[in-house]
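In case you want the letters, here they are:
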Amino acid sequence: MTEPFIIAIDGPAASGKGTLSHRIAQVLGLRHLDTGLTYRAVAHALLSAGEPLDDEATAVAAAKRIDLGALEKSVLAQHKIGEAASKVAVMSLVRSTLVEQQRLFANALPGAVLDGRDIGTVVCPDAQVKLYVIASPQVRARRRWAEVQERGNLSGTDASFETILADIEARDARDMGRADSPLKPAQDATTIDTSDMSIDAAFEAAMQIIEQHRKPNA
Ligand SMILES: Nc1ncnc2c1ncn2[C@@H]1O[C@H](COP(=O)(O)OP(=O)(O)O)[C@@H](O)[C@H]1O
Ligand SMILES: Nc1ccn([C@@H]2O[C@H](COP(=O)(O)OP(=O)(O)O)[C@@H](O)[C@H]2O)c(=O)n1
């Protein structure tokens with residue numbers, strides 16, 4: 001029987017997991033889901049409607065309306081939406097609602113690359129390949145700051161380097177410290193530290209690991 005080929009890529013904000021996932025999916029002919037966008041979409045819906053970020057019933061209702069095929073990255077990439085997403089993401093019923101949709105996406109043939117915080121540990125614990133992508137907070141803040149500059153700071157918020165670094169550190173603590181599905185490497189994940197790697201070098205390192213894990217099933 002043919003099984004989907006699933007690659008799970010987890011890590012903190014701006015570690016490079018989305019860039020890697022997109023490229024790996026393209027090269028291997030797999031679909032790609034940035035699961036962070038699903039949490040961002042819930043946060044965006046709540047912020048736009050002026051709803052609180054910590055009311056579970058309202059957030060679950062928003063999560064049920066998320067359409068995985070209509071996630072607008074250009075809107076959802078805003079700095080303040082990332083912050084709000086990590087507040088929404090501590091609620092278990094919001095997580096289970098989104099995880100159900102993420103699993104359906106992952107399990108369709110021929111397979112998929114999913115990136116997020118809990119893909120290797122919770123969403124796809126049987127994924128054939130699990131990568132845990134990290135970089136130092138300073139490096140990650142520099143990358144995010146460069147993105148904000150490039151977009152012309154559309155959100156209009158105070159997004160200085162110092163603010164972004166402080167937010168990244170606070171978000172790491174929230175994501176790693178929450179009770180449900182905290183950010184951590186799966187036991188069988190391979191870590192890639194991209195702090196001193198170019199995008200190309202990180203991609204080569206990831207592809208080597210993927211090939212190593214593919215061989216036994218080839
Ligand atoms: N290895 C790398 N070296 C330099 N910049 C990188 C690297 N990987 C990603 N980037 C850049 O850093 C930013 C954040 O990367 P992204 O893949 O969106 O991170 P994540 O999905 O982990 O939040 C993007 O602008 C991306 O182009
Ligand atoms: N699988 C996932 C993906 C994201 N998230 C949450 O959603 C927030 C935004 O995720 P993201 O991947 O878009 O963030 P960035 O890494 O792009 O900054 C994270 O800080 C997490 O709190 C999660 O809890 N689980």
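Treat the numbers as computed from the prediction; the structure is a model and nothing was measured.

Scoring rules and cut-offs
Residues numbered from 1 in each chain as written. Chains lettered and ligands numbered in written order. Predicted model: local features only at pLDDT ≥ 70, side-chain atom pairs only at ≥ 80, totals over all residues. Heavy atoms only, no water. Near = heavy atom within 4 Å. Polar contact = N/O pair within 3.5 Å; in protein donor to acceptor, adjacent residues only side chain to side chain. Areas by Shrake-Rupley, 256 points an atom, 1.4 Å probe, with all protein chains shown as cover. Helix = DSSP H or I, 4+ residues; strand = E, 2+ residues; numbered from the N terminus. Nonpolar A, V, L, I, M, F, W, Y, C, P; charged D, E, K, R; others polar. Buried < 20%, exposed > 50% of the residue type's maximum accessible area, 1.4 Å probe, protein only. Lys, Arg positive; Asp, Glu negative; His and termini not counted. Salt bridge = Lys/Arg side-chain N within 4 Å of Asp/Glu carboxyl O. Contact = heavy atoms within 4.5 Å. 1 Å grid on protein atoms, 1.4 Å probe; cavity = no way out; pocket = protein on both sides within 12 Å on 5 of 7 lines; lining within 4 Å. Points joined across faces, edges and corners; volume = space filled by probe spheres on them. UniProt positions renumbered as here; feature names shortened; annotations may be inferred.

Caption draft 1: Local environment of the site of ligand 2. Around ligand 2 sit 18 residues, and of these Arg40, Arg95, Arg144, Arg171 and Asp175 come closest. Within the side chain of Asp118, an N or O atom sits 2.8 Å from a nitrogen atom of ligand 2. Contacts to ligand 2 include Asp175, whose side-chain N or O atom sits 2.6 Å from an oxygen atom. Protein contact buries 97% of the 530 Å² of open area that ligand 2 shows by itself. At the level of elements, helix H2 (36–48), helix H5 (79–88) and helix H9 (161–177) are the ones that each hand at least two residues to the shell around ligand 2. It is H2 that contributes the most residues to the shell around ligand 2, three residues altogether. Counted by class, the shell around ligand 2 contains five nonpolar, four polar and nine charged residues.

Caption draft 2: View of the side chain of Asp34. Along the chain, Asp34 falls in strand E2 (residues 31–34). Although buried, Asp34 forms no salt bridge, and the nearest oppositely charged side chain, Lys73, lies 4.3 Å from it. A polar atom in the side chain of Asp34 sits 3.0 Å from the backbone nitrogen of Gly36. Contacts of Asp34, omitting those with residues within four sequence positions, involve Lys73 and Asp115.

Caption draft 3: Main features of H5. Burial analysis of H5 places eight of its ten residues in the buried class, which makes it a mostly covered element. Turning to H5, its buried residues are His79, Ile81, Gly82, Glu83, Ala84, Ala85, Ser86 and Val88. Buried positions along H5 lie against H2, helix H4 (73–76), helix H6 (92–107), helix H8 (137–151) and H9.

Caption draft 4: Representation of the layout of surface pockets within the structure. Of the voids in this model, the largest pocket is the one considered here, and its volume is about 1,100 Å³. Listed by contribution, the elements that provide at least two residues to the lining of the largest pocket are helix H1 (17–28), E2, H2, H5, strand E3 (111–116), H8, H9 and helix H10 (199–214). Considered class by class, the residues forming the lining of the largest pocket number 13 nonpolar, 15 polar and 16 charged.

Caption draft 5: Up close: the pattern of salt bridges. Scanning all chains against the criterion turns up eight salt bridges. Where Asp175 meets Arg178, a salt bridge forms, and the shortest distance between an N and an O atom there is 3.5 Å. Here Arg178 falls in the buried class, since its relative accessible area comes to 8%.

Caption draft 6: Structural detail: the UniProt feature "binding site: ATP" (unreviewed entry) in the chain. Per the UniProt record, "binding site: ATP" (unreviewed entry) is annotated on Gly11, Pro12, Ala13, Ala14, Ser15, Gly16, Lys17, Gly18 and Thr19. Among the annotated residues just listed, those lining the largest pocket are Ala13, Ala14, Ser15, Gly16, Lys17, Gly18 and Thr19. Ignoring anything within four residues of it in the chain, the contact list for Ser15 reads Val133, Ile134, Ala135, Arg140, Arg143 and Thr194. Among the polar contacts listed, one links the side chain of Ser15 to the backbone oxygen of Pro12, at a separation of 2.9 Å. With respect to the helices, strands and loops of the structure, Gly18 is situated in helix H1. Leave out the neighbours within four places in its chain, and Gly18 touches His32 and Asp115.

Caption draft 7: Focus on unusual backbone geometry. Of note, the bond from Leu109 into Pro110 is cis; its omega dihedral lies within 30 degrees of zero at 5 degrees. Of note in the backbone geometry, Ala14 takes a positive phi value of approximately 60 degrees without being a glycine. Structurally, the position occupied by Ala14 is in the loop between strand E1 (5–10) and H1. Taking relative accessible area as the criterion, Ala14 reaches 10% and is therefore assigned buried. One non-glycine residue with positive phi stands out, namely Ser181, at about 55 degrees. We classify Ser181 as buried; its relative accessible area is 11%.

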